Every structure is written in structure tokens, then in C-alpha cells.
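What follows is the residue order along each chain.
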Amino acid sequence: RETIQSHFAKEESLFKRGIKTLSLFFIDEVSKYKNYDAIDDKGIYATIFEEEYLNIARDRLTDSLLDANYRSYLERELKSPEKVHAGYFSIDKKGKVVDSKIKRGSESSDDISAYDLIMKNKERLLSFEEPVRFIFSHSALKEGWDNPNVFQICTLKHSDSNTAKRQEVGRGLRLCVNQNGNRMDVESCGETVHDINVL
């Protein structure tokens, strides 16, 4: 809940600057996000996330001072909150998602398309047209993924490894980019660079 609330606050302030906000959840088990035995494939984390997301989004929409363009952006996914989040998990040497299963009646896993979006198609992911804004990850630190627009990191797992903790935080320590792909550095933002680029 706190991550979603923090996400919305950051998102609203950056939306008018043309900067898409992403939040990253590190989870302890893939099955808590993707439960392939459930009818809708949702694990407990996905279910809780969607409930909280809808509650907080609806609450924010009651604010009469909300920017009209941002209001439209928020309203767009209210009927399908499953579109605002996706997961990426470790890929084995054969290109298969670890702990993934192929859905019945399809030739490839939904996880593969989510993985491709998050790992390979950064420009699309950072577009306001792409609804995914919350990313769930498990054991994917070795993949070397980073994204300049991660502003919140929520760790839903225990770790005693200082290296792993630093790697997780490092996923959000980047200068963000706007919709034109321009880095929001001191040249483009001046002194506000430190107000914008806060993890």
C-alpha cells in the first residue's frame, strides 16, 4: 500500500514533465505473484496488489484538484488493473522463464512477453501508452536489468546479503528519461535535477 501511494504521488508530479514512473517489487517466491494452479494465474501478491491499487486509485480520483490529463491516465486502467503490473523472472540457458508454465491453449507463456517488455523493450515500457508501471521480480539480479525510471523499490523478501541489497537498490539509482528519451540531468533540469531523480 505504501509503495502504491508513494508511486502515485511521484507519478502525479512527474507526469506533466513527460516522465513515466515505475515501481519495482522484489518478491520471495514466483508462486506468490504467479500461481499457475489458480484460474486467473494470480498469486497472493498480484491479488493484493490489484485490490490496493484500485482502492488507492479511486481515492485519488476524488481529488478535485487533480490535473485533467493525469486524471485520464489514472482512469484508463481502472477496469483492468492487471494491465498495470507485470513480472520478470530469471531466464534459463534455453530461454525459458524459471518457474514458468505454458498456459493451456497457447504456444508461449505470458511471462515471456512480460520479460521481453521489461528486459528488451525499454522505450515501449517508458511510454505512457504502455500501461505497465509496477514490476515484480524474483532472482533476476544477474540479468543486469536496470531502468532509469524506477522511483520506488519495495522488498517483499528477507535477505542477509549486503551485495544483493545494493544490487536491488542499484536498479533504481539512475537518471530518469522523459517521453522523448532525454535524460533528466543537470543540463536539462538545472537545479531541479535532485528533486526529480529521487529513489
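Further up the page is the structure itself.
Calculation notes
Residues numbered from 1 in each chain as written. Predicted model: local features only at pLDDT ≥ 70, side-chain atom pairs only at ≥ 80, totals over all residues. Heavy atoms only, no water. Pairing = 2+ DSSP bridges. Helix = DSSP H or I, 4+ residues; strand = E, 2+ residues; numbered from the N terminus. Axes fitted to C-alpha atoms, helices over the stretch in contact; angles between N-to-C directions. Contact = heavy atoms within 4.5 Å. Expected span 1.5 Å × (residues − 1). Buried < 20%, exposed > 50% of the residue type's maximum accessible area, 1.4 Å probe, protein only. Parallel < 35°, antiparallel > 145°, perpendicular 65-115°, else oblique. Left-handed = near helix turned anticlockwise from the far one by under 90°. Nonpolar A, V, L, I, M, F, W, Y, C, P; charged D, E, K, R; others polar. Phe/Tyr/Trp six-rings, centres within 6.5 Å; stacked < 30°, edge-to-face > 60°. Polar contact = N/O pair within 3.5 Å; in protein donor to acceptor, adjacent residues only side chain to side chain. Core = buried A, V, L, I, M, F, W, Y, C linked by side-chain atoms within 4.5 Å.

Caption draft 1: Examining the sheet that holds strand β2 (residues 85-89) more closely. Strand order in the open sheet formed by 4 strands is β2-β3-β1-β4, with parallel pairing between adjacent strands. Looking at which strands have only one partner, the edges of the open sheet turn out to be β2 and β4 (150-156). When strand polarity is set aside, the average angle formed by the axes of neighbouring strands in this sheet is 20°. Direction of pairing for strand β1 (residues 22-27) relative to β4: parallel, over a ladder of 6 bridges. By the bridge assignment for β4, Leu-22 is matched with Val-150. Of the strands in this sheet, β1, β3 (134-138) and β4 are in contact with helix α1 (residues 2-15), which crosses β4 at around 175°.

Caption draft 2: Local environment of α1. If you check α1, its first and last C-alpha atoms are 20 Å apart, about what 14 residues at 1.5 Å a residue would give, namely 20 Å. Residues of α1 that are buried include every one of Thr-3, Ile-4, His-7, Phe-8, Lys-10, Glu-11, Glu-12, Leu-14 and Phe-15, and no others. Considering only its buried residues, α1 is in contact with β1, α2 (44-60), α3 (68-76), β3, β4 and α8 (193-196).

Caption draft 3: The arrangement of the packing of α1 against α3 in detail. For the pair α1 and α3, the least separation of the axes is 10 Å and the interaxial angle reads 135°. Judged by the angle between their axes, α1 and α3 are oblique. Here the hand of the crossing between α1 and α3 comes out right-handed. Along the contact surface, α1 presents Phe-8, Glu-11, Glu-12 and Phe-15, while α3 presents Asn-69, Tyr-70, Tyr-73 and Leu-74. Partitioned by chemical class, the residues of the contact of α1 with α3 number 5 nonpolar, 1 polar and 2 charged.

Caption draft 4: Main features of the packing of aromatic side chains. By the definition in use, this model includes 13 aromatic pairs. Here Tyr-53 and Phe-134 contribute two aromatic rings whose centre-to-centre distance is 5.9 Å and whose plane-to-plane angle is 80°, an arrangement assigned as edge-to-face. Residue Tyr-53 is found in helix α2, and its partner Phe-134 is found in strand β3; the two are separated by 81 residues along the sequence. The burial state of Tyr-53 is the same as that of Phe-134; both residues are buried. Among the aromatic residues, those joined into a cluster by ring pairs are Phe-8, Phe-25, Tyr-33, Phe-49, Tyr-53, Phe-134 and Phe-136.

Caption draft 5: Local environment of the side chain of Asn-147. Relative to the helices and strands, Asn-147 is located in the loop between β3 and β4. One polar contact links the side chain of Asn-147 to the main-chain amide nitrogen of Asn-149, over a distance of 3.0 Å.

Caption draft 6: Highlighting the nonpolar core. Counting residues in each nonpolar core, the largest one holds 26 residues, and the members touching the most others are Phe-8, Phe-49 and Tyr-53. Every element with two or more residues in this core is listed here: α1, β1, α2, α3 and β3. At 7 residues, the largest contribution of residues to this core is made by α2. Residues contacting Phe-49, with those up to four places away along its chain left out, are Ile-4, Phe-25, Val-84, His-85, Phe-134 and Phe-136. Core analysis: the second largest hydrophobic core is formed by 15 residues, Ala-114, Leu-126, Ile-135 and Val-150 among them.

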